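These are the residues of each chain, in order.
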There are 2 protein chains.
Amino acid sequence: MARPRQALLTRERIVEAASALVDAEGLDALSTRRLATELSVQGPSLYNHFATKSDIVDAVADAVIEQVDVSAFGTFPWDEALRRWARSYHAVLSAHPNIVPVLAQGPGRRPGGLAMAEAVYGALVDAGWSYARATHIGALMRYLVTGSALGSFALGFDVDPQLYDRYPHLGHAPRLAEHHEAVDEGAFELGLDLLITGLTARYEMGTR
Amino acid sequence: MARPRQALLTRERIVEAASALVDAEGLDALSTRRLATELSVQGPSLYNHFATKSDIVDAVADAVIEQVDVSAFGTFPWDEALRRWARSYHAVLSAHPNIVPVLAQGPGRRPGGLAMAEAVYGALVDAGWSYARATHIGALMRYLVTGSALGSFALGFDVDPQLYDRYPHLGHAPRLAEHHEAVDEGAFELGLDLLITGLTARYEMGTR
DNA sequence: ACCTGAACACCGTTCAAGT
DNA sequence: ACCTGAACACCGTTCAAGT
């Protein structure tokens, strides 16, 4: 087969297959040859649609960010909007943890990432926050969300109980995994509440 | 050359060279062959000292964590200790950003990571925080520190000004890079202050 | 325009052979 | 015990050849 009259690949199909592969088996499992096999073509065919593998990864990352709901910024006061956006951002990234290392690097040139930054920053500035503080708040929210999505805290400890013999306070560590969702959610919600409550207090004091 | 009478390699020398390579050129530059070349041996020689490349990466990560100063937990009240530890943790990770994706996965079986967790968790529990809250606070601090060290917020935006024509609020984005240190530090310090202040308030209210 | 096979310069890891 | 060369099964990417 050389060129078929109907193209075998589209950017959309490639991104879909790549996303599924990353979600199912992780970033390391995404190789151009493996992805091509999944799409029933040969590796080099992908280069007719993307210039590099990195561009494919970026497209996967942006498809995830586009799922984040920023609509609250149009309909709620800044603090409630921030809370709703952060929860959506957190939920989306927690559903796709394998791509988080890419998202944690920032929006770069990705349209979805830039659109999200525009919505957040615009809403904060419109609410009266200084440019500097609006930037800090946007950064801080990204730190919290990517930091929590990047690695489950509760699953970050090896389950071998014997490992903790030398650490008197860590006896419960190997059993954290059993309720890791509650632990990770609890930590995120605590952080979100502390940040928003603290920001609201400062806002009302006029230190914006 | 077969076996020399004095071993050419030690685990220490391998970790040192690997750390230097990761710091200078990033995790992707760390290949067994490249690392071996740096040490004037052949690739397979490394396997006499480490079982897998992953074990080498873990050793590099733990060498970084061991630099974090946890001594404040013995000498200061929990809130001040938390603040001092977090700043040290942040400074160390910011000095070695390329290894942060590994650290963000948790301590696993790494002794340095476990020792740090022991110090933090122990101090919080001793101060009167519940097991659940102590876990949440430890998680939260890791989220903030790894999230901020993983990718500079200010450097996460492409510098091409034309890119921002469609985003009315992001006109300053390409110039964030000029003062990225101040921006990233400001966001981290804001976050740290909001978290500790909020935790202190809850502690004093008795909700531990 | 778009897919292919062949090729290049890489990977991590195994293993028998050497001292 | 520890280093080596050869080998295996992989990588990302280029490119001329095909329709």
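Residues numbered from 1 in each chain as written. Chains lettered and ligands numbered in written order. Predicted model: local features only at pLDDT ≥ 70, side-chain atom pairs only at ≥ 80, totals over all residues. Heavy atoms only, no water.

Draft legend 1. Fine view of the packing of aromatic side chains. Throughout the structure, instances matching the rule amount to 12 aromatic pairs over all chains. Consider the rings of Phe153 of chain A and Phe157 of chain A, whose centres lie 5.4 Å apart with planes at 75°: the pair is edge-to-face. For Phe153 of chain A, a relative accessible area of 11% puts it in the buried group. The exposure class assigned to Phe157 of chain A is buried, which follows from its relative accessible area of 6%. Plain terms: the ring middles of Trp78 of chain B and Tyr203 of chain B are 5.0 Å apart, the flat faces sit at 45° to each other, and that makes the pair tilted. Separated by 125 residues along the polypeptide, Trp78 of chain B in helix 5 (residues 78-95) and Tyr203 of chain B in helix 9 (residues 180-205) bring together distant segments of the chain. (Phe/Tyr/Trp six-rings, centres within 6.5 Å; stacked < 30°, edge-to-face > 60°. Buried < 20%, exposed > 50% of the residue type's maximum accessible area, 1.4 Å probe, protein only. Helix = DSSP H or I, 4+ residues; strand = E, 2+ residues; numbered from the N terminus.)

Draft legend 2. Region of interest: the interface of chain B and chain A. On the side of chain A, 58 residues touch chain B, which itself brings 58 residues to the contact. Together chain B and chain A conceal approximately 5,000 Å² of surface at their shared face, both sides included; 67% is due to carbon and sulfur atoms. Across the chain B-chain A interface, the total number found is 6 salt bridges. In this structure, the salt-bridge partner of Asp193 of chain B is Arg202 of chain A, at a minimum N-O distance of 2.7 Å. Listed by contribution, the elements that provide at least two residues to the side of chain B that touches chain A are helix 7 (111-126), helix 8 (131-150) and helix 9 of chain B. Top element by residues in the side of chain B that touches chain A is helix 8 of chain B. It accounts for 15 residues. (Contact = heavy atoms within 4.5 Å. Buried area = accessible area lost by both parts, 1.4 Å probe. Salt bridge = Lys/Arg side-chain N within 4 Å of Asp/Glu carboxyl O.)

Draft legend 3. Fine view of the domain arrangement of chain A. Residues and elements named next belong to chain A. According to the domain assignment, chain A contains domain 1 (11-64) and domain 2 (68-205). Between the C-alpha centres of domain 1 and domain 2 there is a distance of 27 Å. The partner domain 2 presents 12 residues to the 11 residues of domain 1 that form the contact. Between domain 1 and domain 2 lies a buried interface of about 970 Å² when both sides are counted; carbon and sulfur atoms form 64% of it. Across the domain 1-domain 2 interface, the total number found is 2 salt bridges. With a closest N to O distance of 3.2 Å, Arg110 and Asp62 form a salt bridge. Where domain 1 touches domain 2, the interface holds 6 residue pairs in polar contact (both at pLDDT 80 or more). Broken down by secondary-structure element, the contributors of at least two residues to the side of domain 1 that touches domain 2 are helix 1 (11-25) and helix 3 (53-65). Across the side of domain 1 that touches domain 2, the residue classes break down as 6 nonpolar, 1 polar and 4 charged. (Domains from an automatic or database assignment. Polar contact = N/O pair within 3.5 Å; in protein donor to acceptor, adjacent residues only side chain to side chain. Nonpolar A, V, L, I, M, F, W, Y, C, P; charged D, E, K, R; others polar.)

Draft legend 4. Representation of the protein's contact with DNA strand C in the model. As a matter of local geometry, DNA strand C sits amid 24 residues, with Arg3 and Leu8 of chain A together with Thr32, Arg33 and Tyr47 of chain B nearest to it. At the protein interface, 55% of the atoms of DNA strand C within 4 Å belong to sugar or phosphate. At a separation of 2.4 Å, a base nitrogen of DNA strand C approaches a polar side-chain atom of Arg33 of chain B. A distance of 2.5 Å is found between a phosphate oxygen of DNA strand C and a side-chain nitrogen or oxygen belonging to Tyr47 of chain B. Residue composition of the surface near DNA strand C, by class: 12 nonpolar, 7 polar and 5 charged. (Near = heavy atom within 4 Å.)

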